Amino acid sequence: MMDKKQTDKVKTIMRKAYEVYNEIDALIDAINGYSDYEEVEELKSARDTACDVVDALQYIQENYGENDYR
């Protein structure tokens, strides 16, 4: 089990990954229609990866961190 300091670090990384997700999503919206299909699809893939990071960290926090979920 992670202690509070480690759990807080996971939360911080999770917030940063979510910010990356939001930034990529905004970029996709901005270039959609102005850029080629392949570039947009690569950005969508990067956005999905950021989402996977958030999901994985949330799972770790809920199962191994100090929280109220258990």
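In short, a report on the structure. Everything numeric in this text was worked out from a predicted model, so none of it was measured.

Rules and cut-offs
Residues numbered from 1 in each chain as written. Predicted model: local features only at pLDDT ≥ 70, side-chain atom pairs only at ≥ 80, totals over all residues. Heavy atoms only, no water. Helix = DSSP H or I, 4+ residues; strand = E, 2+ residues; numbered from the N terminus. Buried < 20%, exposed > 50% of the residue type's maximum accessible area, 1.4 Å probe, protein only. Contact = heavy atoms within 4.5 Å. Core = buried A, V, L, I, M, F, W, Y, C linked by side-chain atoms within 4.5 Å.

Quick look at the environment of Ile-28
In step 1: Structurally, the position occupied by Ile-28 is in helix α1 (residues 4-31).
In step 2: Ile-28 gets classed as buried once you look at its relative accessible area, which sits at 3%.
In step 3: Residues Ile-28 and Ala-17, spaced 11 residues apart in sequence, show a C-alpha to C-alpha distance of 17 Å.
In step 4: Sequence-distant contacts of Ile-28, defined by excluding residues within four places in its chain, comprise Val-40, Leu-43, Lys-44 and Arg-47.

Side note on the nonpolar core
In step 1: Judged by nonpolar contacts, Met-2, Val-10, Met-14, Ala-17, Val-54 and Leu-57 together constitute the single largest core of 6 residues.
In step 2: The dominant element in this core, judged by the number of residues it contributes, is α1, at 3 residues.
In step 3: When sequence neighbours within four positions are dropped, the list of residues in contact with Val-10 reads Met-2, Leu-57 and Gln-61.
In step 4: Counting 5 residues, the second largest nonpolar core, distinct from the first, contains Ile-24, Ile-31, Val-40 and Leu-43.

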